[in-house]
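Read off the chains here:
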Amino acid sequence: IAVPGWQQDTTMPAGAPEVGTVLILHNGSAPEIVAGLTAQHAGATERLIGEGNEVEPGSHSRIYVIDPAASGLKPAFRLARSIANAIKWPATLVVANTGTSESDPARAGAAALFLSLGHEWKSGHLIVVDVAKGETQVAERLVRETSEPGRPTHRRYDRGLTQLRSFSPVGLPKAKALEPGAYLIIGGAGGLGSALARETRLRTVPSGIDSRSAASW
């Protein structure tokens, strides 16, 4: 078992913005970032999310999505799937969630949604950035974002620092012996229930709505 956290990232590249055709999708919530990106990328195409935001296959080498969950997760999901259906070529996708906090479920859900897309897109460079309130020079930092193909990266800009999502293993206390009796394990067909039964040395009687779920034990 591991718990998520953040560590200082010293791998951020420096240099000129990536050259190529650029698309900026946003909802108007961060005009200063959009203005900074268009200043960094001459000739970039700018569109509002939900207004003709389909991405034509092969049309852009770098795509920015600013605050995809500002209007809820449903539009963010539609946008993510439309991008997933289009970008099958090597390109870079940078998703920025602004004014984020650890307790914001919509933005956290959008981050997870796009990060999962990055695992499907083996030739793409996908980066999700959580931008804390009060951060400066955000656009200048976003244009330098990159990642390894097929390995999505989750970063955070906070108090002037760039941090990388990390996971730290934690040890669990040794389980106490179970009291004699009968135990009901619900939802164990995915493997967790059977692992629990093996670990606790329970004698199990698997059951399910069909033979396949019972056979998985």
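Residues numbered from 1 in each chain as written. Predicted model: local features only at pLDDT ≥ 70, side-chain atom pairs only at ≥ 80, totals over all residues. Heavy atoms only, no water.

Participant: Sorry, what's going on with the pattern of salt bridges here?
Facilitator: Opposite charge on two side chains allows them to pair when their charged atoms are near. Scanning all chains against the criterion turns up six salt bridges. Its salt-bridge partner being Arg-141, residue Glu-135 comes within 3.0 Å of it at the nearest N-O pair. Among the residues examined, Glu-135 registers a relative accessible area of 16% and is labelled buried. Of the charged contacts, one joins Glu-145 and Arg-155 as a salt bridge, the two residues approaching to 2.4 Å between their closest N and O atoms. With Glu-145 in the loop between helix H4 (138-142) and strand S7 (153-158) and Arg-155 in strand S7, this residue pair connects regions lying ten residues apart in the sequence. Where salt bridges share partners, they join Asp-9, Glu-145 and Arg-155 into one cluster. (Salt bridge = Lys/Arg side-chain N within 4 Å of Asp/Glu carboxyl O. Buried < 20%, exposed > 50% of the residue type's maximum accessible area, 1.4 Å probe, protein only. Helix = DSSP H or I, 4+ residues; strand = E, 2+ residues; numbered from the N terminus.)

Participant: How should I be thinking about the packing of helix H2 (residues 73-86) against helix H3 (residues 105-120) in this particular structure?
Facilitator: Two packed helices can be described by the angle between their axes and the distance between those axes. Where H2 contacts H3, the two axes come as close as 10 Å, and the packing angle between them is 15 degrees. Relative to H3, H2 is oriented roughly parallel. In this structure, the crossing between H2 and H3 has a hand that is right-handed. Contacts from Leu-73, Ala-76, Phe-77, Leu-79, Ala-80, Arg-81, Ile-83 and Ala-84 in H2 reach Ala-106, Gly-109, Ala-110, Leu-113, Phe-114, Leu-117 and Glu-120 in H3. Partitioned by chemical class, the residues of the contact of H2 with H3 number twelve nonpolar, one polar and two charged. (Axes fitted to C-alpha atoms, helices over the stretch in contact; angles between N-to-C directions. Parallel < 35°, antiparallel > 145°, perpendicular 65-115°, else oblique. Left-handed = near helix turned anticlockwise from the far one by under 90°. Contact = heavy atoms within 4.5 Å. Nonpolar A, V, L, I, M, F, W, Y, C, P; charged D, E, K, R; others polar.)

Participant: Explain the packing of aromatic side chains to me, please; I cannot follow it from the model alone.
Facilitator: Any aromatic ring pair is given by two values, namely how distant the centres are and how the planes are angled relative to each other. Tallied over the entire structure, the rule returns zero aromatic pairs. Taking NZ or CZ as reference, Arg-141 lies 4.0 Å from the ring centre of Tyr-157, over its face. Its end group placed over the ring of Trp-6, Arg-165 keeps NZ or CZ at 4.1 Å from the ring centre. (Phe/Tyr/Trp six-rings, centres within 6.5 Å; stacked < 30°, edge-to-face > 60°. Lys NZ or Arg CZ within 6 Å of the ring centre and 35° of its normal.)

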